[in-house]
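Chain by chain, the residues run as shown.
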Amino acid sequence: MQQLHLLIHQGTLRHGARLPAERVLAEQFKVSRSSIREAIRSLELQGLIVSRRGSGTFINTENLDSVVALIASTLSSGTETLREIFEVRHLLEPQIAAVAAQRASEEEVRRLGQILEDQQRQITEGKTGIDADTAFHFTLASATHNSALVKVVSAVEDILRRSRDQSFQEAGRPQRSLASHRLILEMVRARDVEGARRAMEHHLTSVEPSVQP
């Protein structure tokens, strides 16, 4: 499945291309035909492959779900450095905060406040607060009311969480995270779009490790 993902990502298998027969794929990847069938079923569930009775199996990369699945498979390859992960966050999350400042409902603002109370409690108990941190960022994405954006954030959440896991290991970072989260919430509550964007940039800078692998 990972090899097929790579061929799609590289453009070797393009949208509309017909997959070779199971036997050919099994020989190409040096695996059993049952492994090929299992990989194809998984790709069908992700929307990256469609089967047409009497015609064959074809690559499908034109709907959002399939694109998101491809992004997720690429980002979960485990080759990214922490610097690259934070670069993704700097590109994505300030704009999420800005849009959330425009669109968040009162209930979503209250929910964000409750999450920060949870984060404070976790830190007081000697924990990193990583669970509340993750919930805060996902709820902020949900508050954009952009289902496509939420799907993308969900797809990359594992790799973004890895950046949080590593960055929270240094002393003082959980407290700085909480303080900058509070500033983000303040800007969202005030409907200050540019303020929310700047607050998120400040947050990412404050928790970003000074030495990155």
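Everything discussed here concerns the structure shown above.
(A) Region of the structure containing the layout of surface pockets. What the second largest pocket holds in volume is close to 160 Å³. Along the walls of the second largest pocket sit Arg18, Leu19, Pro20, Ala21, Glu22, Arg37, Ile40, Arg41, Glu44, Gly56 and Thr57, which together make up its complete lining. For the lining of the second largest pocket, the secondary-structure elements that each account for two or more residues are α3 (33–46) and β2 (56–59). For the lining of the second largest pocket, the leading source of residues is α3, giving four residues.

(B) Fine view of the pairing of β2. Relative to β2, strand β1 (residues 49–52) is paired through four bridges, and the arrangement is antiparallel. Residue pairing in the sheet places Arg52 in a bridge with Gly56 of β2.

(C) Highlighting the environment of Leu91. With respect to the secondary-structure elements, Leu91 resides in helix α5 (residues 82–103). By relative accessible area, which is 68% here, Leu91 ends up exposed.

(D) Representation of the nonpolar core within the structure. Membership of the largest hydrophobic core comes to 25 residues, with the highest contact counts inside it found for Phe136, Leu140, Ile184, Val188, Ala196 and Met200. Elements with a contribution of two residues or more to this core: α5, α6 (106–124), α7 (130–142), α9 (173–189) and α10 (193–207). Contacts of Phe136, omitting those with residues within four sequence positions, involve Leu112, Ile115, Leu116, His181 and Ile184. Listed in part, the 15 residues of the second largest apolar core include Leu13, Ile36, Ala39 and Leu43.

(E) Structural view of the packing of helix α2 (residues 22–29) against α3. Look at α2 against α3: their axes get within 9 Å of each other, and the N-to-C directions meet at 105 degrees. Of the possible angle classes, the one that applies to α2 and α3 is roughly perpendicular. Of the residues in α3, those in contact with Glu22, Arg23, Leu25, Ala26 and Phe29 of α2 are Arg33, Ile36, Arg37 and Ile40.

(F) Spatial organisation of unusual backbone geometry. Of note, Lys30 is a non-glycine position whose phi angle comes to about 55 degrees, a positive value. With respect to the helices, strands and loops of the structure, Lys30 is situated in the loop between α2 and α3. Phi at His145 is positive, roughly 55 degrees, even though this residue is not glycine. Relative to the assigned elements, His145 resides in the loop between α7 and α8 (147–167).

(G) Spotlight on α6. Taking 1.5 Å as the rise per residue, α6 with 19 residues should run 27 Å; its terminal C-alpha atoms sit 27 Å apart, in good agreement. Among the residues of α6, Glu108, Val109, Leu112, Gly113, Ile115, Leu116, Gln119, Gln122 and Ile123 are the ones counted as buried. Once α6 finishes, Gly126 follows within two positions and takes phi at roughly 90 degrees, a positive value.

Conventions adopted
- Residues numbered from 1 in each chain as written.
- Predicted model: local features only at pLDDT ≥ 70, side-chain atom pairs only at ≥ 80, totals over all residues.
- Heavy atoms only, no water.
- 1 Å grid on protein atoms, 1.4 Å probe; cavity = no way out; pocket = protein on both sides within 12 Å on 5 of 7 lines; lining within 4 Å.
- Points joined across faces, edges and corners; volume = space filled by probe spheres on them.
- Helix = DSSP H or I, 4+ residues; strand = E, 2+ residues; numbered from the N terminus.
- Pairing = 2+ DSSP bridges.
- Buried < 20%, exposed > 50% of the residue type's maximum accessible area, 1.4 Å probe, protein only.
- Core = buried A, V, L, I, M, F, W, Y, C linked by side-chain atoms within 4.5 Å.
- Contact = heavy atoms within 4.5 Å.
- Axes fitted to C-alpha atoms, helices over the stretch in contact; angles between N-to-C directions.
- Parallel < 35°, antiparallel > 145°, perpendicular 65-115°, else oblique.
- Expected span 1.5 Å × (residues − 1).

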